[in-house]
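# Examination of the molecular architecture
Chain by chain, the residues run as shown.
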Amino acid sequence: MIPPKRKNPLLRTRAALQPPAARSRTALGITAAAARGGFALQVCAACQAVQYPPREICGTCLHDGLAWRAVPPEGTLIAATTIRVTADPYFRERTPWRTGMVAMDAGPAVIAHLPAGVAQGDRVRLAQKLDRAGQGAMVALPLAQPGDLLDDPMMREMTCDPKDRRVLVTDGRHAVGQDVARAMLAAGARVWLGVAETWRPFAAVEGAETIELDLTDADSVHRCAASHGGRLEIVVNTGLHTRPGGILERGDLTTARVEMEAAYFGPMRLAQAIGPALRARAADGTHPACAWVNVLSVYALANLPSWGAYSASQSAALSLSQALRADLRPIRVVNALIGPLDDEWHQAVPPPKLAPAALASAIVKALRDGVEEVAVGDVAQDILARFRDDPKILERELAS
Amino acid sequence: MSSPTPTSSLADFAADLVSGRITVIDLTQTLSADFPTIALPPEFGQCAPFRLEEISRYDARGPAWYWNNFSCGEHTGTHYDAPIHWVSGKDFPNNTVDTIPADKFIAPAVVIDCSRETAANHDFVLTRSVLEAWEAAHGPIPAGCWVLLRTDWSKRSGAAYANMKEDGAHTPGPDPEAVRFLVEERDVLGFGTETIGTDAGQAHHFTPPYPAHFYMHGKGRYGLQCLSNLDKLPATGAVIVSPPLKIQGGSGSPLRVLALVAS
Amino acid sequence: MTKPTRRGYDGIVVAAPTTIPYERYSIHGAQRWIGQALAAALKRAGLRPADLDGFCCSSFSLGLDTAIGLTQHFGISPRWLDHIPMGGASAIVALRRAARAVQAGDADIVACVAGDTNHPDSFRQQLTGFSRFSTDAVYPYGAGGPNMSFALLTDAYMRTYGATREDFGRICVSQRTNALSTPHALMKRPLTMAQYLAARPIADPVALFDCVMPCAGAEAFLVMRDDTARALNLPSARLLSTIERHNAFAADPIQLRGGWAVDRDELYGMAGVAPADIDLLETYDDYPVIVMMQFEDLGFCAKGEGPAFVRAHDLTARGDFPHNTSGGQLSVGQAGAAGGHLGLVEAIRQLTGETLGAKVADAKVAMASGFGMINYDRGLCSGAAILGVDG
């Protein structure tokens, strides 16, 4: 893809419309799978029939036990069309738009978005992606060419490739922020790296532009937003203030307040200052503003009492991210859930620990994949799996 | 009861203020979010930097008024140290900012100008011999006065002000002997500096560590730090007005420090 | 157990074919359009509202109203009432139910009315909430509406059976010819094959003249016994047979055939006629591909021979295979749920001699078919009826 042209300042910035967002509650199973980068359809517990569109009752045997399961996503494209006239303003700005009918090997016939190049008769792999309304959508990808379709106009509506986008990484003091900056640079982004309290020594990241940014300081945040808010496409909030300590053991709130500033108030400040501009540019040109990434502890899901106050701050941050997801739409809010980092604060924590560089790579991949939630590293994946199995059991496990 | 009659000298003072024969000099750094604070190892509790959050500004949050909430540590910006700040001063009566007698908040000051030495050596140490040399020139340091160390450090800002290296901050300050001399032999009211603390950046390595804190507060004396404009003060003759906020049980507070100087 | 033979429709006739001339957009509600059609049908039959004891309604744009709300709105007190939400199959389904009600004596005269209004944003609003499956799995995919759905069916049909755009063009061009003599047709200018082929693409391979124009309008007819019609001195057509089928061939990955193929033998058998006996055919024609499927599935040619069939026949009202003789929805307009009534009402007109436009010479037997409800990827409802001249 050609690097984005500079925008014509005399033209009105295209408003950020969203595709039709209405779905039944049942259909949100596709949204959930897409948010996590999975592929799931309902399968009847009685007759094993794979269902689509999402149902409440099996279309084969009337059984009411339909569970979302990973099913083989392959199929054949049996019909296709290029929509040139549409009732919806979002799609009207994006015509011609291709859709097609895929006969899945697993049974159902699925209407799906099509990238350029895939043709009738082709074998395809269906994927579930989040569209700009944040809803799960079926896309049919060519089986023969599984390579990246990051430059395909349809796929660009589903994903957030950092290439040729301008990225703010909030915390250049932390190894995570530094490695995210490096990963974004390697992915072809331009990077601004925030550094708080520049009176303290810090190491700049080569290629990234260091800017003063202290999320705990309203004035600093507003100055950053005023200077850079109108030209950012991705914000990566890497603000981590990781401190061990249970609630009773600490005995005071001083550290907890700083944790809440770093995890909750700071990102809220930044979102309030920069979010409106980001959202307003969500359809600006070929590389519109697209994503807000949070790095969160997986113990946001269930408290790890030995890091009890920190876990609570992460729960606040997780809840904030959910609110932002609604407020910022069509900007995608991506949460990278992590276990212990391989850093000085987890010195006594046994491995496996997550290398900041591995986290950075996972964030870039999550943006390219267009997911909304990614658990990075063995511990985070383990905890997330336990959480999804039974939150109460996980709570008791962590408290033992 | 009749009101006390103002003394003629107070009337003269007021007249001198109005006429400009006495100049008021602001020794205070502006409280702002980016002003450096003391940097301790991160496993310790930290002094909160100054923060301002707007409540309203003639808008929907308050149509006709502008105001802010602010937050900070007691030892943020230009601030006052009460004796209770240090473990050596924890048991004195009236050792907190709310109980220190009000007459301690207005006092004369002497200014020890070490700006030339500090320019050459960031780790300049104020020694007894430096103080004695000053006394040789200006006379003995009087009891009950502030001793202010002029280094012109307040002309720096940001990283140059904090001057943090891998082995910590490098800023000037007194050695233990100098502090003991001031407290025990000269009975001063307190010690004031232009740097983030009353002690030198490397004072952790002195014995005892942080002697200005240890001895000053250990004798119930006070500290002022992050002062500015000391270069505008005479070596002797200035009067310092430095009342801290009346924080219940407080160990210190940000404050406005004013110097009265004969024009 | 042997399957009992379906009872015939002896003595049941349809009459008073009624059309309220269509308008592209209307500032009025569907209630007005339906009420006008009901009033016109009753007037044609010389009846007062109090004489009506059966009412059946179809509409997409009544808001929260159904047939029952309309009884109070119109001041009628029927003893038999129905509401048919089956889009383009509603006319056939309404006819079937009304005929049995009259036959059983549950009602003497049933007015079957369909109508819709159309505002500039009606179409989009209807698409956004058309069905659960559509909301979940169709509309978010480009919001192409039925154009997109029929584009996929047309694409699959063309690839499977080798149909060309010219083949579909024959259907559309012929219907335009028929429409030119229909006074209320919205399309008033002739359409050439060259114009058809050069039309603006809408959703490939569907182009402008493959699509119906949504509009406001209403259609109605009356169902009664033949003696009632005679007492009213009302021309009528006999109902000979009907079929109805829903969600047929669910296992087909894409719709290349409709439910008519399941039931057509019964349709002809009940009427005692063969395809060759049909003097005129009124198919459901929101897109020409579904017309071609009806030619096949209703037995006028074998599966996949629709393209050859349209190449071999003149589909105009005066041709050898008169089809959609008033111009059909493609040239008259699609007045929402009345789209399926349009063909049936035209069939009645041709058999009772009340045509507004071109008349099929010596028409004795007519077939009307219906198709409706693209719930997800295909039309779920299909139906057909054969009518004969009375006497």
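Residues numbered from 1 in each chain as written. Chains lettered and ligands numbered in written order. Predicted model: local features only at pLDDT ≥ 70, side-chain atom pairs only at ≥ 80, totals over all residues.

## Here we look at the overall build of chain C
Across its full length, chain C holds 14 helices and 11 strands. In terms of principal-axis extent, the alpha carbons of chain C reach across some 55 × 50 × 45 Å. Taking all 391 residues of chain C together, the buried fraction comes to 61%. If you take every contact in chain C between residues at least 6 apart in sequence, the share linking residues at least 24 apart comes to 79%. (Helix = DSSP H or I, 4+ residues; strand = E, 2+ residues; numbered from the N terminus. Buried ≥ 20, exposed ≤ 12 C-beta atoms within 10 Å, placed from the backbone. Contact = placed C-beta atoms within 7 Å.)

## A closer look at the domain arrangement of chain A
In many reports, interface size means the accessible area that the parts give up when they come together. All names here are of chain A. Segmentation of chain A into domains returns domain 1 (28-158) and domain 2 (166-398). Just the C-alpha atoms count here: the centres of domain 1 and domain 2 sit 31 Å apart. Counting residues at the interface gives 10 residues for domain 1 and 11 residues for domain 2. Where the side of domain 1 that touches domain 2 is concerned, the elements lending two or more residues are α1 (28-36) and β7 (123-130). (Domains from an automatic or database assignment.)

## Points about the packing of helix α3 (residues 90-104) of chain C against helix α14 (residues 339-352) of chain C
For any two helices packed against each other, one specifies the inter-axial angle together with the distance between the axes. All names here are of chain C. Viewed as axis vectors pointing N to C, α3 and α14 meet at an angle of 60°, and their least axial separation amounts to 7 Å. Contacts between α3 and α14 involve S90, A91, I92 and L95 on the former and, on the latter, G340, H341 and L344. Each residue belonging to the contact of α3 with α14 can be placed in one class, and the counts come to 4 nonpolar, 3 polar and no charged. (Axes fitted to C-alpha atoms, helices over the stretch in contact; angles between N-to-C directions. Nonpolar A, V, L, I, M, F, W, Y, C, P; charged D, E, K, R; others polar.)

## Brief notes about the interface of chain C and chain A
Listed by partner, the interface residues are 32 residues for chain C and 31 residues for chain A. For the side of chain C that touches chain A, the secondary-structure elements that each account for two or more residues are α4 (122-128), α5 (132-137), α6 (145-161) and β5 (201-203) of chain C. Take the side of chain C that touches chain A: its biggest share by element is 8 residues, from α6 of chain C. Taken together, the residues that form the side of chain C that touches chain A break down as 19 nonpolar, 6 polar and 7 charged.

## Focus: the packing of helix α5 (residues 218-228) of chain A against helix α7 (residues 254-280) of chain A
All names here are of chain A. It is the contact of α5 with α7, at a shortest axis distance of 9 Å, that shows an interaxial angle of 30°. With respect to their mutual orientation, α5 and α7 come out roughly parallel. Note on packing geometry: the crossing formed by α5 with α7 is right-handed. Between α5 and α7, the contacting residues are A218, V221, H222 and A225 on the first element and R269, L270, A273 and I274 on the second. Here the residues of the contact of α5 with α7 sort into 6 nonpolar, 1 polar and 1 charged. (Parallel < 35°, antiparallel > 145°, perpendicular 65-115°, else oblique. Left-handed = near helix turned anticlockwise from the far one by under 90°.)

## Structural notes on the nonpolar core
Formed by 271 residues in total, the largest nonpolar core has its most connected members in A336 and I363 of chain A together with L95, V110 and L222 of chain C. Of all the elements, α7 of chain A adds the most residues to this core, at 10 residues. What L222 of chain C contacts, discounting residues up to four positions off in sequence, is V14, A15, A16, A41, A45, I109, V110 and A111 of chain C. Counting 53 residues, the second-largest nonpolar core is a separate cluster that includes V147, A178, V179 and Y215 of chain B. (Core = buried A, V, L, I, M, F, W, Y, C linked by C-beta atoms within 7 Å.)

## Let's talk about the sheet that holds strand β11 (residues 209-212) of chain A
Residues and elements named next belong to chain A. Strands sit in the order β11-β10-β9-β12-β13-β14-β15 across an open sheet of 7 strands; the sheet is parallel. Each having just a single partner strand, β11 and β15 (373-376) make up the two edges of the open sheet. Mean inter-strand twist for the sheet, computed between neighbouring axes without regard to direction, equals 20°. One ladder, built from 4 bridges, connects strand β12 (residues 234-237) with strand β13 (residues 291-297); its direction is parallel. When the bridges of β13 are listed, V236 appears paired with V293. Across the face of the sheet, α5 comes into contact with β9 (166-169), β10 (190-195) and β11 while running at roughly 135° to β11. Of the strands in this sheet, β14 (332-338) and β15 are in contact with helix α10 (residues 378-389), which crosses β15 at around 125°. (Pairing = 2+ DSSP bridges.)

## With respect to the sheet that holds strand β11 (residues 190-192) of chain B
All names here are of chain B. The mixed open sheet is built from 9 strands, whose spatial order is β1-β15-β13-β5-β7-β11-β12-β4-β14. Bordering the open sheet on either side are β1 (22-26) and β14 (252-254), each of which pairs with just one other strand. Taking the axes of each pair of neighbouring strands and ignoring which way they run, one obtains an average angle of 25° across the sheet. Relative to strand β13 (residues 238-241), strand β5 (residues 106-113) runs antiparallel, the two sharing 4 bridges.

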